[in-house]
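# Coordinates in review
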Amino acid sequence: MVGRHHTVSPVGRARGRSRHGRGGRSSVTGPELAPIVTRAESFDRIVADAAHYLVDLWPDELQGVAFQVADMPSDPVTGPEASLPRWKLERSPDRVTLFRIPVERLTRLPEKDDQDKRVVVEAAVFRAVGELIDKDPWDLAPDRYRHF
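Residues numbered from 1 in each chain as written. Predicted model: local features only at pLDDT ≥ 70, side-chain atom pairs only at ≥ 80, totals over all residues. Heavy atoms only, no water.

Moving on, we get to the sheet that holds strand β4 (residues 94-99). Across the sheet, which stays open at both edges, the four strands sit in the order β1-β2-β4-β3 with mixed pairing between neighbours. Each end of this open sheet is capped by a strand with a single partner; those strands are β1 (9-11) and β3 (87-91). Across the sheet, the mean angle from the axis of one strand to that of its neighbour is 25°, orientation sign disregarded. As paired elements, strand β2 (residues 66-70) and β4 share five bridges and run parallel to each other. Each residue of the ladder has a partner; that of V69, found in β4, is L98. (Pairing = 2+ DSSP bridges. Helix = DSSP H or I, 4+ residues; strand = E, 2+ residues; numbered from the N terminus. Axes fitted to C-alpha atoms, helices over the stretch in contact; angles between N-to-C directions.)

Here we take up the confidence of the model for the chain. On average, residues of the chain score 79 in pLDDT, and 70% of them are at 70 or above. Note on residues 1-5: pLDDT under 50 across the span, and eleven contacts to partners over four residues away in sequence or across chains. (pLDDT = per-residue confidence, 0-100. Contact = heavy atoms within 4.5 Å.)

The grouping of R39, R105, R108 and K117 at the surface amounts to a positive patch. Looking at where R105 falls in the secondary structure, it is placed in the loop between α2 (100-104) and α3 (114-133). (Patch = residues over 30% accessible without salt bridge, like charges linked within 9 Å, V, L, I, M, F, W, Y side chains within 5 Å. Areas by Shrake-Rupley, 256 points an atom, 1.4 Å probe, with all protein chains shown as cover. Salt bridge = Lys/Arg side-chain N within 4 Å of Asp/Glu carboxyl O. Lys, Arg positive; Asp, Glu negative; His and termini not counted. Charge placed at Lys NZ, Arg CZ, Asp CG, Glu CD.)

Dropping the structure here:
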């Protein structure tokens, strides 16, 4: 089960940058400023928060489910109506993998702020978990977005 100490595990993501064989880059911020949070790190945190929230609400149904984030699906997408999947479910072992880039494409409009982006990412987590446990995403946490 995902606990408060557990984080979402990134899959297939390179650590640091190494352009043209120069090695990793040093921090831009220095000791007096907070470190820069990348889009990938922010996405990971939102997925982890939503996963923790859902596991707290549905502990029996989500026991043992692992949550992962990958940048893009590794399987080729084919067909005339092909679109990039936003998540992938595996039943054995129970695993939910969210694909960061396809989900982030929904938030590229200029009027989207951080709250809108968070809602889009959380909605992807809710829809994936709903599909995994065969429940409507709105039934997973009916009071979650009541204030919107």
